[in-house]
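Here's the letter readout for the chains.
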Amino acid sequence: MNVAATNLAQTGLERTAPNDRYADYCLWDYAPLASPGGKLRCANLLWRAIDSTGSGAHLKTACMALRDRLGPFRTVFGVKKFADRLSFEFYFYDYARLERDVSITKVLNILSPFVDCPLHYSEGRPYFMFSIDLDEDITGRRRPLDVINIYVGNPGSTVSSGICYELSPAGLRLANFYFFFDARKEMDQIIAKVGCSAHHDLRGLPISAILRPELLDCEVVVVANKKFCDGVYFSRIKIDPLIGFLEREGFPADLVAFAREHRNGLDHMLYDVGIDYMVEGDAVKVLKTAFYGLL
């Protein structure tokens, strides 16, 4: 049993180890904000979120298999909230592209004892990441995994960006565009990009309800154009804005309480959060919220 599994079995908590990695949801490394000795790993937030659904034994087993086979801190998790329902997405990056080690084929092979997936994708294509949604039904083989989100780069753009395609039994279709901005140096461009949308009017746009001031003490803002809405992501926020986000967006009370109780054990890390939204009149309607971390 590895150190993390031993910690979890003995205390219900995963504590840091000397060789832990600290990276954001793009797997870009950062230095911890404080000495991490004796503190908690981000995965504790994932386990509490899964527990809050009332079931998750199969999902946790699949998560452990991913970590054991890929190695720790190679998988990014996203805890997404739609109305009162949580869902879980897992992201896999390998910027080596065709020389990749973490591939769709490899991950599906790791998950094959838990997951039925009818999908196949050529490893000769230069994707740099992909993601899958997993839940108790999928990891318990009661429902197949029938969508893989595949991301490719956007050469020639003056803004760091990515393009997402959805692979399903019906084939491949264009889904979302993502544009990355420096939150401290490019605020004018961020505002312009938020305003440039097919989904809402420009006049009267409630920009402060989209680019929330309490989340703008971050390093990177990502603006997304999606099929049915827009999205905005705040990357590398600190623990207090994360706790405020979880509470304000109505994440499960026991998850919020855990984050508050263990604030000092989680304050050495940076976090990423996102919001999908529509603008109706002069109001922002939130469709989905999410937070992200390393498994």
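Residues numbered from 1 in each chain as written. Predicted model: local features only at pLDDT ≥ 70, side-chain atom pairs only at ≥ 80, totals over all residues. Heavy atoms only, no water.

1. Regarding the environment of Ala 31
Here comes step 1: Tracing the backbone shows Ala 31 in the loop between α1 (3–11) and α2 (43–52).
Here comes step 2: By relative accessible area, Ala 31 is classed as exposed at 59%.
Here comes step 3: C-alpha of Ala 31 to C-alpha of Gly 54: the two residues are 23 residues apart in sequence and 35 Å apart in space. (Helix = DSSP H or I, 4+ residues; strand = E, 2+ residues; numbered from the N terminus. Buried < 20%, exposed > 50% of the residue type's maximum accessible area, 1.4 Å probe, protein only.)

2. Notes on the nonpolar core
Here comes step 1: Among the nonpolar cores identified, the biggest contains 80 residues, and Leu 45, Leu 46, Phe 234 and Phe 291 are the most heavily contacted of them.
Here comes step 2: With residues near it in sequence (within four places) discarded, Leu 46 still touches Cys 63, Phe 77, Val 79, Phe 88, Phe 90 and Leu 295.
Here comes step 3: Phe 73, Tyr 93, Met 129 and Tyr 233 belong to the second-largest nonpolar core, a separate cluster that totals 22 residues. (Core = buried A, V, L, I, M, F, W, Y, C linked by side-chain atoms within 4.5 Å. Contact = heavy atoms within 4.5 Å.)

3. What about helix α6 (residues 187–195)?
Here comes step 1: Listed as buried for α6 are Ile 190, Lys 193, Val 194 and Gly 195.
Here comes step 2: In this structure, the buried residues of α6 make contact with β6 (171–182), α7 (207–210), β7 (220–225) and β9 (271–280).

4. Description of the pairing of strand β8 (residues 230–237)
Here comes step 1: With 8 of its 8 residues buried, β8 lies for the most part within the structure.
Here comes step 2: Bridging between β7 and β8 involves 6 bridges; their strand directions are antiparallel. Its bridge partner lying in β8, Val 221 is registered against Phe 234.
Here comes step 3: Connecting the antiparallel pair β7 and β8 is a turn made up of 4 residues.
Here comes step 4: Pairing geometry for β8 and β9, over 7 bridges, is antiparallel. Directly across from Ser 235, in β9, lies its bridge partner Asp 272. (Pairing = 2+ DSSP bridges.)

5. A closer look at unusual backbone geometry
Here comes step 1: One non-glycine residue, Phe 73, adopts positive backbone phi at about 65°.
Here comes step 2: The buried category is assigned to Phe 73, whose relative accessible area is 9%.

6. Some details on the pattern of salt bridges
Here comes step 1: Tallied over the full model, the rule gives 26 salt bridges.
Here comes step 2: A salt bridge links Arg 263 to Asp 240; the shortest N-O distance between them is 2.9 Å. Residue Arg 263 is located in helix α10 (residues 263–266), and its partner Asp 240 is located in helix α8 (residues 239–248); the two are separated by 23 residues in the primary sequence.
Here comes step 3: On the accessibility criterion, Arg 263 (27% relative accessible area) is partly exposed.
Here comes step 4: On the basis of relative accessibility, which here comes to 43%, the residue Asp 240 falls in the partly exposed class.
Here comes step 5: If you follow the salt bridges from partner to partner, you end up with Glu 14, Asp 20, Arg 41 and Arg 67 in one network. (Salt bridge = Lys/Arg side-chain N within 4 Å of Asp/Glu carboxyl O.)

7. Some remarks on the sheet that holds β8
Here comes step 1: The sheet built from 10 strands closes into a barrel, its strands ordered β1-β2-β3-β4-β5-β6-β7-β8-β9-β10 with antiparallel pairing. Put simply, the sheet's adjacent strands are angled 25° from each other on average, direction ignored.
Here comes step 2: Sheet topology places strand β1 (residues 75–82) next to strand β2 (residues 85–93); 8 bridges connect them, and they run antiparallel. Within the sheet, the bridge partner assigned to Phe 82 lies in β2 and is Arg 85. (Axes fitted to C-alpha atoms, helices over the stretch in contact; angles between N-to-C directions.)

8. Some details on the state of the cysteines
Here comes step 1: Per the counting criterion, the structure on display carries 0 disulfides.
Here comes step 2: For the unlinked cysteine Cys 117, the closest cysteine sulfur is that of Cys 164, found at 15 Å.
Here comes step 3: For Cys 218, which is in no disulfide, the shortest distance to another cysteine sulfur is to Cys 26 and amounts to 12 Å.
Here comes step 4: The exposure class assigned to Cys 218 is buried, which follows from its relative accessible area of 1%. (Disulfide = S-S within 2.5 Å.)

9. So, the packing of α2 against helix α3 (residues 57–70)
Here comes step 1: Between α2 and α3, the shortest axis-to-axis distance is 11 Å and the interhelical angle comes to 160°. One way to sum up the angle between α2 and α3 is to call them roughly antiparallel. Seen along the crossing, α2 lies across α3 with a hand that is right-handed. Residues Ala 43, Leu 46, Trp 47, Ile 50 and Asp 51 of α2 lie in contact with α3, whose contacting residues are Leu 59, Lys 60, Cys 63, Met 64 and Arg 67. (Parallel < 35°, antiparallel > 145°, perpendicular 65-115°, else oblique. Left-handed = near helix turned anticlockwise from the far one by under 90°.)

10. Overview of the packing of α3 against helix α4 (residues 104–111)
Here comes step 1: Two elements in contact, α3 and α4, have axes whose closest approach is 9 Å; the angle formed by their N-to-C orientations is 130°. Judged by the inter-axis angle, α3 sits oblique to α4. Remark: the crossing between α3 and α4 carries right-handed chirality. Of the residues in α4, those touching α3 at Ala 62, Ala 65, Leu 66, Arg 69 and Leu 70 are Lys 106, Val 107, Asn 109, Ile 110 and Leu 111.

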